[in-house]
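If you want the building blocks of each chain, they are given just below.
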Amino acid sequence: MPLSPRAGPPGLPTRRAALALLEAVLGRHRPLEEALDALPAGLDPRDRAAAHRIASAVLRRLGSLDAVVEPFLRREPPAAVRHALRIGAAELLLLGTPAHAAVASAVALVPRPFAGLVNAVLRRIAEQGPAALEGLDAERLDTPPWLWSAWHAAYGPEVARAIAAAHRVPAPLDLTPARPDAAPPEGAEVLPTGTWRLPPGTRATELPGFAEGAFWVQDAAAALPARLLAPRPGERVADLCAAPGGKTAQLAAAGAAVTAVERDPRRAARLRENLARLRLPAEVVEADATRWGEDGAFDAVLLDAPCTATGTIRRHPDVAHLKRPRDVASAAEAQARLLANAARLVRPGGRLVFATCSLQPEEGEAHLEGAVALGLRLDPVRAGEVPGLAEAVTPGGWLRTRPDLWAARGGLDGFFVARFARPPGPG
């Protein structure tokens, strides 16, 4: 029987919504954004935003919060009670909520038989304050073991720990301007690559110029694949797996004749909506990018392939709890099929950029040999093409951004980006 919450103090709708989000992600393995869309339509937008903030904090620091709560539990409580304890602990230790509000709200989330337990545990944690988190190996606790091991193997212990540390901090808001000479919003930092960066929690829709299409939301790392493709005015360019459209917008803004391919009708609709707001032209095609298109039809092709998205955990902390090792293998297989078709679309003398927002080498570096076998030649990325990110350019000539890079500025999503050229003439 599901646990039914009781009436309680002000702010309870926010905490109930946060509880529903955690149950969706951790109990039913649904993406956080999908769970957010499923919240009641009548929920106040402020409660919705606050619930998202609380749930994200819990997911970001899940292992640490459980380690703080665990000493006060004699047996494992029901899942909803565990989530209420996590919410209360996150508010007390991470979000600066007054102790009386955090405790009272968490108590009101659970049925009466568990109210005493939640009250007692959270009052003990409130007495400890932030000191409750001291001495914990937070980076390891807050990282699923399989990811911890994979990043150690791929990057070494020091970098793996730095990646995990970057995931503990909410990501800033990054914007790509529609015109390179546009003035950024007040308070924005202009990053070396041209991205505008604003503090975490900034709402893009409330910034001047949003409705007029002056910019779009796009992590600084996500803006690099289109930059490295370097589209020229009038070129025929295909953007495969294009939604939500940030890269399509970059290509169109550069003057290319863009065909954006997206299989999912709902995502294709969102892509069209975004392009309409930005007032940028592109042909949107609903099709399977593993089979679509004619041989040699494009001067350039951009493939930002679907992946496990482990490079986006700083923005989407649910990813760490939704993905499993088997997902890496299945994603890599799908990426290989997409890459094979993308290579077929490039004309002789044309170029292709392949990218994934994953930190897993199986979804990045492992595809290099396959691309060469498809008749492509690696076109090395040069440090000067990514200002301020020379560290991300590998000796082999591809790009590997990580969340710990630009740490003082707020970090970056993790991306693998490789650029290829199809040699002129046959083959």
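Above this note sits the structure.
Below, the structure is looked at part by part. Note that this is a predicted model, so its numbers are computed, not measured.

The rules behind the values
Residues numbered from 1 in each chain as written. Predicted model: local features only at pLDDT ≥ 70, side-chain atom pairs only at ≥ 80, totals over all residues. Heavy atoms only, no water. Phe/Tyr/Trp six-rings, centres within 6.5 Å; stacked < 30°, edge-to-face > 60°. Lys NZ or Arg CZ within 6 Å of the ring centre and 35° of its normal. Buried < 20%, exposed > 50% of the residue type's maximum accessible area, 1.4 Å probe, protein only. Helix = DSSP H or I, 4+ residues; strand = E, 2+ residues; numbered from the N terminus. Arc of directions from axis to C-beta. Contact = heavy atoms within 4.5 Å. Core = buried A, V, L, I, M, F, W, Y, C linked by side-chain atoms within 4.5 Å. Disulfide = S-S within 2.5 Å. Salt bridge = Lys/Arg side-chain N within 4 Å of Asp/Glu carboxyl O.

## Considering the packing of aromatic side chains
Inference 1: A complete count under the given rule lists four aromatic pairs for this structure.
Inference 2: Ring pairs connect the aromatic residues W196, F210 and F215, which therefore count as one cluster.
Inference 3: It is R236 that lies over the ring of F298; its NZ or CZ is 4.6 Å from the centre.
Inference 4: Here the guanidinium or amino end of R277 rests over the ring plane of F210, the centre of that ring lying 3.9 Å away.

## Some thoughts on helix α10 (residues 157-166)
Inference 1: Among the residues of α10, those classed as buried are A160, I163, A164 and A166. Relative to the axis of α10, the buried residues are bounded by an arc of 160° and lie together on one face. Exposed side of α10, more than 90 degrees from the buried face: P157 and E158 are the residues found there.
Inference 2: Buried residues along α10 sit against α8 (138-141) and α9 (145-155).

## Concerning unusual backbone geometry
With glycine set apart, most residues show a phi of negative sign, and most peptide bonds adopt trans.
Inference 1: Residue P244 follows A243 across a cis peptide bond; omega there is 5°.
Inference 2: One can find P244 in the loop between β5 (236-240) and α12 (246-253).
Inference 3: The backbone of H29 sits at a positive phi, close to 55°, despite the residue not being glycine.
Inference 4: Positionally, H29 belongs in the loop between α1 (12-28) and α2 (32-37).
Inference 5: Residue H29 is classed as partly exposed on the basis of its relative accessible area, which comes to 45%.
Inference 6: For R279, which is not a glycine, the phi torsion comes out positive at approximately 60°.
Inference 7: The residue R279 is located in the loop between α13 (265-278) and β7 (283-286) in this model.

## Observations concerning the nonpolar core
Inference 1: Residues W151 and L399 are the most contacted members of the largest nonpolar core, which totals 53 residues.
Inference 2: Once residues lying within four places of it in the same chain are set aside, the contact partners of L399 are L224, L228, V386, A392, V393, F415, F416 and V417.
Inference 3: If you look at the next biggest cluster of nonpolar residues, it comprises 49 residues, including A17, L43, V110 and V118.

## Let's talk about the state of the cysteines
Inference 1: Tallied over the full model, the rule gives zero disulfides.
Inference 2: Looking at the unpaired C307, the closest cysteine sulfur is the one in C357, lying at 3.4 Å.
Inference 3: Classification of C307 as buried rests on a relative accessible area of 15%.

## Examining the pattern of salt bridges
Inference 1: Scanning all chains against the criterion turns up 35 salt bridges.
Inference 2: The salt bridge partner of K247 is D304, with a shortest N-O separation of 2.5 Å. Of this pair, K247 sits in helix α12 while D304 is found in strand β8 (residues 298-304), placing the two residues 57 residues apart along the sequence.
Inference 3: Relative accessible area serves as the criterion here: at 12%, K247 is assigned to the buried category.
Inference 4: By relative accessible area, which is 14% here, D304 ends up buried.
Inference 5: Ionic contacts of the salt-bridge type, sharing partners, join the residues D174, R197, D219, R314, R315 and D413 into one network.

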